[in-house]
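# Close look at the chain arrangement
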Amino acid sequence: SKPGGKGGLKMLAKLKSRLLTWYMRSLAENYSAQALPQDVNHIALWQLGGVGDMLLATPVIQALNKAYPNAQIDVWCSHPQFAAFLTRFEHVQIKPTFSVYDFDGRTLLKKQTRQHLQTILSQMSAQPYDVLINLHVPALLDWWAVEWWLQDKMKPRYNLGFNPDFLVEESVFDVVLPAKQRKHTHYTKLYQALLAKAEIPCESTTVFPI
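Residues numbered from 1 in each chain as written. Predicted model: local features only at pLDDT ≥ 70, side-chain atom pairs only at ≥ 80, totals over all residues. Heavy atoms only, no water.

### Comments concerning the packing of aromatic side chains
Scanning all chains against the criterion turns up 6 aromatic pairs. Ring plane angle 65 degrees and centroid distance 5.6 Å describe the contact between Trp 46 and Phe 98, whose orientation is recorded as edge-to-face. Placement of Trp 46 in strand E1 (residues 42-46) and of Phe 98 in the loop between strand E3 (92-94) and helix H4 (111-125) is noted, with a sequence separation of 52 residues between them. Under the relative-accessibility criterion, Trp 46 is labelled buried at 0%. Grouping aromatic residues by their ring pairs yields a cluster made of Trp 144, Trp 148 and Phe 173. (Phe/Tyr/Trp six-rings, centres within 6.5 Å; stacked < 30°, edge-to-face > 60°. Helix = DSSP H or I, 4+ residues; strand = E, 2+ residues; numbered from the N terminus. Buried < 20%, exposed > 50% of the residue type's maximum accessible area, 1.4 Å probe, protein only.)

### Notes on the side chain of His 136
Considering the arrangement of structural elements, one finds His 136 in the loop between strand E4 (131-134) and helix H5 (141-154). For His 136, a relative accessible area of 10% corresponds to the buried category. There is a polar contact of 2.5 Å between the side chain of His 136 and the side chain of Glu 147. The residues contacting His 136, other than those within four sequence positions of it, are Trp 46, Leu 48, Val 100, Tyr 101, Glu 147 and Phe 162. (Polar contact = N/O pair within 3.5 Å; in protein donor to acceptor, adjacent residues only side chain to side chain. Contact = heavy atoms within 4.5 Å.)

### Some thoughts on the environment of Phe 82
With respect to the helices and strands, Phe 82 occurs in the loop between strand E2 (72-76) and E3. Sequence separation between Phe 82 and Gly 49 is 33 residues, and the spatial gap between their C-alpha atoms is 8.3 Å. The contacts of Phe 82, once residues within four sequence positions are left out, are Gly 49, Gly 50, Val 51 and Met 54.

### Things to note about the packing of helix H1 (residues 6-29) against H5
Across the interface, H1 lies against H5 with an axial gap of 10 Å and an inter-helix angle of 30 degrees. As summarised for this structure, H1 and H5 are arranged roughly parallel, according to the angle between their axes. In this structure, H1 meets H5 at a crossing whose hand is left-handed. Residue-level inspection shows Lys 16, Ser 17, Leu 20, Thr 21, Tyr 23, Met 24, Leu 27 and Ala 28 of H1 in contact with H5, the latter providing Leu 141, Asp 142, Trp 144, Ala 145, Trp 148, Trp 149 and Asp 152. Among the residues forming the contact of H1 with H5, the class breakdown is 10 nonpolar, 2 polar and 3 charged. (Axes fitted to C-alpha atoms, helices over the stretch in contact; angles between N-to-C directions. Parallel < 35°, antiparallel > 145°, perpendicular 65-115°, else oblique. Left-handed = near helix turned anticlockwise from the far one by under 90°. Nonpolar A, V, L, I, M, F, W, Y, C, P; charged D, E, K, R; others polar.)

### Topic: the nonpolar core
Ranked by internal contacts, the top residues of the largest apolar core, which has 49 residues, are Ile 43, Leu 86, Trp 148 and Leu 160. Sequence-distant contacts of Ile 43, defined by excluding residues within four places in its chain, comprise Leu 64, Tyr 68, Ala 71, Gln 72, Ile 73, Asp 74, Tyr 129, Val 131 and Ile 133. Counting 18 residues, the second-largest nonpolar core is a separate cluster that includes Ala 44, Leu 117, Trp 143 and Leu 150. (Core = buried A, V, L, I, M, F, W, Y, C linked by side-chain atoms within 4.5 Å.)

### Thoughts on the pattern of salt bridges
By the definition in use, this model includes 3 salt bridges. Of the charged contacts in the structure, one is a salt bridge between Asp 39 and Arg 157, with a shortest N-O distance of 3.3 Å. With Asp 39 in the loop between H1 and E1 and Arg 157 in the loop between H5 and strand E5 (159-163), the pair connects residues that are 118 residues apart, well separated along the chain. In this structure Arg 157 comes out as partly exposed when scored by relative accessible area, which is 37%. Salt-bridge contacts for Asp 130 lead to Arg 157; the nearest nitrogen and oxygen are separated by 2.8 Å. Remark: Arg 157 occurs in the loop between H5 and E5 and Asp 130 occurs in the loop between H4 and E4; sequence separation between them is 27 residues. According to the relative accessible area criterion, Asp 130 is buried, its value standing at 9%. Shared partners join several salt bridges into a network, and the residues in it are Asp 39, Asp 130 and Arg 157. (Salt bridge = Lys/Arg side-chain N within 4 Å of Asp/Glu carboxyl O.)

Written out as structure tokens, the structure is:
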């Protein structure tokens, strides 16, 4: 097939998928699991959807406030307006925009896009985090890889999140659930199960503080 034909595009897509899978496997295989720190002062929470997804994160925020009443919780989201109401919870700050959907195998070929990603990394790394909780379950392998790259560079002391289906034992998370579990579980129950593995009690009832 010609490079510009359908056969060529399918071949490029398969190559990209193999490269991203290899990259994520290598990150997971080289990661050494850490213990939950005794002193938790700064927490990063990634919730990268819309307003509805922010609402689903409220049980997690309440659980973190109870478990670590003095800890600062920085929420990273795709648009700060989606999460503005979360600042009504104690110790919550909304950080600059992190729209992972802007980064994929095509857009990252552009120098400007790569520079933007480096800026996000600088913003996230400005505050060392004791705990990072990634509630996002990406639909695209490219987004998985970008998030894992950021996390690898940030080096938080402890991580919670989800694994893609092709990874079972290895992970870049200290506490991990398989992403396939979301197919039969409401997100609030999924987050509850994730925090339970870290021995952080969490309810499943959402709250919208007025």
